[in-house]
Structures are given as C-alpha cells and as structure tokens.
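Breakdown of the fold
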Amino acid sequence: MSDQIKFIVDSLNKEPFSKNYNLITFDSLEPMQLLQVLNDVLAEIDPKQVVDIREEMPEQTAKRMLSLLGILKYKPPGNATDMSTFRQGLVIGSKPVIYPVLHWLLQRINELKKRAYLARFLIKLEVPSEFLQDETVADTNKQYEELMEAFKTLHKECEQLKTSGFSTAEIRRDISAMEEEKDQLIKRVERLKKRVETVQNHQRMLKIARQLRVEKEREEFLAQQKQEQKNQLFHAVQRLQRVQNQLKSMRHAAADAKPESLMKRLEEEIKFNSYMVTEKFPKELENKKKELHFLQKVVSEPAMGHSDLLELESKINEMNTQINQLIEKKMMRNEPIEGKLSLYRQQASIISRKKEAKAEELQEAKEKLANLEREVSVKTNQTREFDGTEVLKGDEFKRYVSKLRSKSTVFKKKHQIIAEFKAEFGLLQRTEELLKQRHENIQHQLQTIEEKKGISGYSYTQEELERVSALKSEIDEMKGQTLDDMSEMVKKLNSLVSEKKSALAPVIKELRQLRQKCQELTQECDEKKSQYDSCAAGLESNRSKLEQEVRGLREECLQEESRYHYTNCMIKNLEVQLRRATDEMKVYVSSDQQEKRKAIREQYTKNIAEQENLGKKLREKQKAVRESHGPNMKQAKMWRDFEQLMECKKQCFLKQQSQASIGQVIQEGGEDRLIL
C-alpha cells in the first residue's frame, strides 16, 4: 500500500499535474479533495471530465466516473457485493477505493488517453427497433455506421503512418527537388516577362489582369459572406420560432392558471426563499466562516512532526475523558424537569433537521430541474442544427407517439398475418408431401393388384404405346413394312388396351370411392380444426379475464393489508397516548406532593409563572429605561458638544504652537511686532 501511495504521489507531482504533494499531505486529504484529484486525472485522460465536483451532485459525479471507468475497462477487485461497496466508496471518496483507481490510471495514462479518444467515436448508440421502422431514422443509423467504419480505417492508416515514419534523406531530396522547381519557375516567369514586354500596351493588360484577379477574389469573398448571412438568417428564424413557441406555451400556462393557484405558488416560493435567506444560508455562511477560520489557523501554524501529533492525540484523549466525566455527572443529577425538556428539545431538533433536509432536497431538485432544462435546450439546439426541424413537444409529441403506436399495431397485425401464412404454407407443404407419399403407396398397391390380377403394366400402357409407336416408326423406316401390318398391330394393341381397361375398371371404381372418402375426412378435419380454434380463443379470453380478476384481488388484498397495518399503528399510538393520559391523571389525583410536582401540568404552570415574573421584571425595566431616556439623551448630547469643544481647543492650541515656532508677536503701544 505504501509503494502504491508513493507511486501516486510521484506521478501527481510530475507534469501535467504538478500537485506538489508529499506522503503526509496526500494521506490527509479530505474525501472531497481526493475525489477532485481523481477527477483531475480523469480530465487529463478525457477533457470532457473537467468539472468542479463541488458544483456537481454526488450522484452525477459517481455516475460520470463509473461510466468513464467502464469505457476504460477498469475492473474493480471482488464479486458483485464488492461492486456495490466499490460504487458506495466512489460516492463518499473512500481511500481504499480511490487509491487503486489512481494507481491503475497513472500507470497507463497514455494508453487510456487513446482509448478515451476512440470511445468518443466508436461506442455505438443503440437505437430501439421501433424507431428503426422509420426510413429517416434507419438511413441516419446506416450513415452513422458507415462513418464509424470509415473512422476505423482512417485511424488505422494514421497509426500506420505514425509507426512507419519518413527518413530524413527522402525529405532532403524532396526539399532539393522543390527548390529546383522553384528556380525553374522563376526563370520561366522572367522569360514570360520578356515576351510580354515586346507586346503593345502590356502594362494596361497586366493592370486589367490584376483587376480581374482582385474582382474574382472579391466575388469569392462576397459569396462566402452571402452564405454566412444565409446561415445567420436561418438561425435567426429558428430562434424566432423557438421564442414564439415559448411565448405560446407561457400564454397557455397563464390562460390555464387561476389567480388563487398563482398566489398560492408565489406564497410558497416566498416562504421557501425567506427560510433559505433567514435560516439556512446564515447557518451555512457561519459554518463556512468557522471552517475558513480553522483552515487559516491550520495554515498559519508551522509544520508538525511526529512528536507534535502524539501530543495532540494525548490532548484529544484527555478532552474526551473530561467530556465523558461531565456527561456522567449530568446523568447522575437526573433532574426531572431537564429530562422532560430534553425530550422536547430532541423533538424540536429532529423537526428542524427534517426541515433542513427537506429544504436541501427542494434546492437540489430545483438545481436538477434547471440542469435538465439547460440540457433540454442544448439538445433541442443540437437537433435543430442537425436536421433543421423543430423538436416535438406536448400534444405534437403525443400525436407522434400515438401514430407510432398505431403503426406498430398495424405492423404486429401484418407480422401475425405473415406468420399465419407461413404456418399455412408449412401445412400445405406437409399435405403435399403426404399426398405424394400416398400417391406412391397407391401406385405401389395398384402394381401389386395388377400383378395379382394378371394385368401388370396397365398403368404403363401409354408409355408402352408411345414406345411401341416409336418402335413402329423405326421399324417402318428400317424395314418398310406395309400399312396392313401397321393396322393389324394397331388393332392388336387396341384390343389389348380394351382388355386392360376392362380388367382395371373395378380397381378404378374402388379408387374413386377411396378419393370420396378422403375428401369427407379432410372436410371433417377442417370442421374439427375450426371448432378447436374457437374453443381455444374462448379459453384464452376466459384466462385473460381471470388474470385481471386475480390482479384486482391482489391489489385489493395489498390495500387491505396496508390499511390493516395503518390501523394497528394508529391503535398503538392511541394506546400510548391513553397510557400517558392515565399516568398524568394518576399523578395529578395522587396525594403525594412530590408525585404532583412530576406532573406535566405542574411543570407547565411553574414555567408559566416563571415566565410571567420574568415578563413583569422586563416591563419594569422597560418603564425605567423610558423614564430615563430623555435625560440620558440630553446628557449624551452635552457630552458630544463638550467633546467638540475640547477638539476645537486642541486644534487652536496646536495652531498656536506652530505659529510660535515661526516667530513671536509682541504688542506695544498699539503696534504689533514679529520677532523671528
């Protein structure tokens, strides 16, 4: 651990941090200061982290640091429970959590700078699939991914160029070649000048060419200025639209508001601001002054060594023992009135602390709201600069969301229809396969029946006829048989076909009956399927109704349970109040005077009497002050006049002395003489 702290201190004392720490000063840093040091290191890695954490909420600071450490791939030691302790320690600025992070960051700061730079451009923004249905969003997302890939390639090329390097000899050769080209250009310009000098009116032509070049440059400048003015006009129009929208929203809010609600809101703001000005801010200012005084005192004292620290620790221990002894003495006294008053003091302090906490929460909420409004304005400006369109607000955004929802419902319905078509297509494919398989089985059965009946090959008669006709044509061509032989062969074949048909007639009849039966079965299957679908839909609707009823009963059960606990708490509070009232009655009715003195009524009557006596004394004192006010004021005025008179005499005396130092005035016989 000591080596780790030493490395951190040495790294922080070097450039670019230059903190000028030693081991003692670094170890004595407060949690807020330690968090600021960590934030400075992170800001060196990523310039966007330059923030004064005193002006930032602790939750925002922790979230920002955790996100950057996640990008830098820092892995804290331990499991999930250690992760929660790590987050908590990062929020409160715990040293066992901050020191390892600083050590890890300072070891590889150059590598982490590069990783943070790449993370700004390579961390992909996840767009929800619902928004990708929009063509504009999808095109923008595609363009964003293409730019990211282009950045990757360019960065790789840049790194390769950095690592490759150029030799000085090549650079010198390039410089010498450029100088030679420069000399050649100078010579060429001189030759052109000599040629131009022979032409008539060459000075006038050169002047005209120069004016033409100046006019072209001016034209480019005017075009650039025109473009800038167009951009300014566009931004001004956008600003006007934004102001008009703000005016419209403010008018709408003023139209909807009532005077009573506005007055009530203003009264609440006045109460809150008066509390902050009169109570909270003075306390905070006093605490800051005390802290500043303490810090100035610490700074003014000389540096302390180990012996001084031991002496201070011994003094602290002695003071703690004295405090404990005083507390024990106070507890031994055990004054009943003080005990009762301490209870009310505790309640008052608790209420004041709660009030301060609520005021701080309200202040933090206001600051958070202001920050969010600033972020919203920045985001709207960025959006306008990006695509030039206004950000949807209020009813327009609701209409846009409802339109998206309607589109999503239509998309879901279409997707469901496509799924149904796919399912039906799968069923049809399966039916086709089954029918093909059944056809093959029927063909096989037909062949077996033909073999049994002795008429095998009837199903292939047409093919055989074609084959025979082909053979016949070939035979006719080859052998040149006569037409009579062909007719006889045809007659034989026709007779054979008729015989085959007559033999297969009962089989075909049976096949027709089987087909009719198959159609009836398929129709019955469709009817059963429709019945099943209707029954399933009814059961699904019943199930959803039952789920809604169960959900409602659970909510009712939870409400009744909370009401039951609330009534139990109220009963317990009432029992405690009743017990206190009975105890008070017993004490008040009791004949023992000592017990009566312990009663709250007696204590309050005693306090009232004391306060009345005190008020009476103060009124008498006020009366005496009023009676003596006039003479006292007169006497004070006389003293002030006397003081002015003495001051005047003093001035005169001093003036007389200064004149006496210059010379002496003597009056004799009506003459004034000055003697130096």
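Position labels on residues start from 1 in each chain and follow its written sequence. Per-residue local features are limited, in this predicted model, to residues with pLDDT of at least 70; the limit for side-chain atom pairs, both in listing and counting, is 80 or more; totals at the level of whole chains, interfaces and linings are taken over all residues. By convention in this description, side-chain values take in all heavy atoms of the structure and omit both hydrogens and water.

Here is the rule we go by: UniProt positions are given in the numbering used here, feature names are shortened, and annotations may be inferred rather than shown by experiment.
As annotated in an unreviewed UniProt entry, the protein chain carries the name Intraflagellar transport protein 81 homolog and comes from Ceratotherium simum simum. Its UniProt record, at the heading Subcellular location (unreviewed entry), says of the protein chain: "Cell projection, Cilium". In the Sequence similarities (unreviewed entry) part of its UniProt record, the protein chain is described as follows: "Belongs to the IFT81 family."

Some points on the overall build of the protein chain
Threshold: Secondary structure is summarised from DSSP: a helix means a run of H or I of at least four residues, a strand means a run of E of at least two, and numbering begins at the N terminus for each. We get accessible surface area from the Shrake-Rupley algorithm with a probe of 1.4 Å; when it comes to residues, only the shown protein chains can shield them.
Looking only at helices and strands, the protein chain has 19 helices and two strands in total. When the accessible surface of the protein chain is summed, it comes to about 57,500 Å², and 57% of that surface belongs to carbon and sulfur atoms.

Notes on the nonpolar core
Selection criterion: Grouping buried Ala, Val, Leu, Ile, Met, Phe, Trp, Tyr and Cys residues that are joined through side-chain atoms within 4.5 Å yields what is termed a nonpolar core. For every residue, the accessible area (1.4 Å probe, protein chains only) is compared with the maximum for its type, and the residue is labelled buried under 20%, exposed over 50%, or partly exposed between those bounds. When checking whether two residues touch, look at their non-hydrogen atoms; a contact exists if any pair is within 4.5 Å.
Membership of the largest hydrophobic core comes to 34 residues, with the highest contact counts inside it found for Leu12, Phe26, Leu38, Leu72, Leu102 and Leu105. Put simply, the parts of the chain that give this core at least two residues each are α1 (2–13), α3 (31–45), α4 (58–71), α5 (80–92), α6 (95–107) and α7 (109–122). At eight residues, the largest contribution of residues to this core is made by α6. With near-sequence residues (within four places) excluded, Leu12 lies in contact with Phe17, Ser18, Lys19, Tyr21, Phe26, Val37, Val41 and Leu106.

What to know about the packing of aromatic side chains
To keep it simple, the criterion reads: Paired rings are identified among Phe, Tyr and Trp, the last through its six-membered ring, by centres lying within 6.5 Å, and are further divided according to the angle between planes into stacked (under 30 degrees), edge-to-face (over 60) and tilted (the rest).
Applying the stated criterion across every chain yields a total of three aromatic pairs. A ring pair is formed by Trp639 and Phe642, whose centres lie 5.9 Å apart and whose planes are at 85 degrees; its orientation type is edge-to-face. You can see Trp639 and its partner Phe642 sitting in helix α19 (residues 629–662), three residues apart, about one turn around the helix. For Trp639, a relative accessible area of 55% puts it in the exposed group.

Section: a negative patch on the surface
Defined as follows: Patch membership requires over 30% relative accessible area and the absence of a salt bridge. Like charges are linked within 9 Å, and nonpolar side chains (Val, Leu, Ile, Met, Phe, Trp, Tyr) within 5 Å. A pairing counts as a salt bridge when a side-chain nitrogen of Lys or Arg comes within 4 Å of a carboxyl oxygen of Asp or Glu. Under this rule, positive means Lys or Arg and negative means Asp or Glu; His and the chain ends count for nothing. By convention, the charge on Lys lies at NZ, on Arg at CZ, on Asp at CG and on Glu at CD.
Residues Glu59, Glu360, Glu364 and Glu367 make up a contiguous surface patch of negative charge. Ranked by the residues each element gives to the negative patch, the list is headed by helix α13 (residues 336–387), at three residues. Mapped onto the fold, Glu364 is located in helix α13. Owing to a relative accessible area of 35%, Glu364 belongs among the partly exposed residues under this scheme.

A few points about the packing of α1 against α6
In a pair of packed helices, the angle between the axes and the distance between the axes together describe the arrangement. Quick reminder of the rule: Axis angles are defined between N-to-C directions and span 0 to 180 degrees, where every axis is a line fitted to C-alpha atoms and, for a helix, only to the segment in contact. When an angle is under 35 degrees it counts as roughly parallel; over 145 it counts as roughly antiparallel; between 65 and 115 it counts as roughly perpendicular; any other value is oblique. Take the far helix as your reference; a near helix turned counterclockwise from it by less than a right angle gives a left-handed crossing, and one turned clockwise gives a right-handed crossing. When residues are grouped by polarity, Ala, Val, Leu, Ile, Met, Phe, Trp, Tyr, Cys and Pro land in nonpolar, Asp, Glu, Lys and Arg in charged, and all others, Gly among them, in polar.
Contact geometry for α1 and α6: axes closest at 10 Å, N-to-C directions at 55 degrees. Classified by the interaxial angle, the pair formed by α1 and α6 is oblique. In this structure, the crossing between α1 and α6 has a hand that is left-handed. Listed contacts from α6 to Gln4, Ile5, Phe7, Ile8, Ser11 and Leu12 of α1 are Tyr99, Pro100, Leu102, His103, Leu106 and Gln107. Along the lines of polarity and charge, the residues of the contact of α1 with α6 split into eight nonpolar, four polar and no charged.

Focus on the side chain of Asn141
Along the polypeptide, Asn141 turns up in helix α8 (residues 135–164). Under the relative-accessibility criterion, Asn141 is labelled buried at 13%. Residue contacts for Asn141: discarding those within four places in its chain leaves Val127 and Leu132.

Points about the pattern of salt bridges
With the rule as written, the count across this model stands at 12 salt bridges. Arg213 is the salt-bridge partner of Glu217, the closest N and O atoms lying 3.4 Å from each other. Pair noted here: Glu217 and Arg213 are both in helix α10 (residues 202–256), with a separation of four residues, about one helical turn. Owing to a relative accessible area of 44%, Glu217 belongs among the partly exposed residues under this scheme.

Topic: unusual backbone geometry
Notably, Lys73 is not glycine yet its phi reads approximately 65 degrees, a positive angle. Its location among the elements puts Lys73 in the loop between α4 and α5.

Considering a positive patch on the surface
Together, Lys187, Arg188, Arg191 and Arg195 give the surface a local cluster of positive charge. If you trace the backbone, Arg195 turns up in helix α9 (residues 168–197).

Description of α6
Stated formally: To estimate how far a helix should reach, multiply one less than its number of residues by 1.5 Å.
The terminal C-alpha atoms of α6, which comprises 13 residues, lie 18 Å apart, in line with the 18 Å expected from a rise of 1.5 Å per residue. Among all positions of α6, only Val97, Ile98, Tyr99, Val101, Leu102, His103, Trp104, Leu105 and Leu106 are buried.

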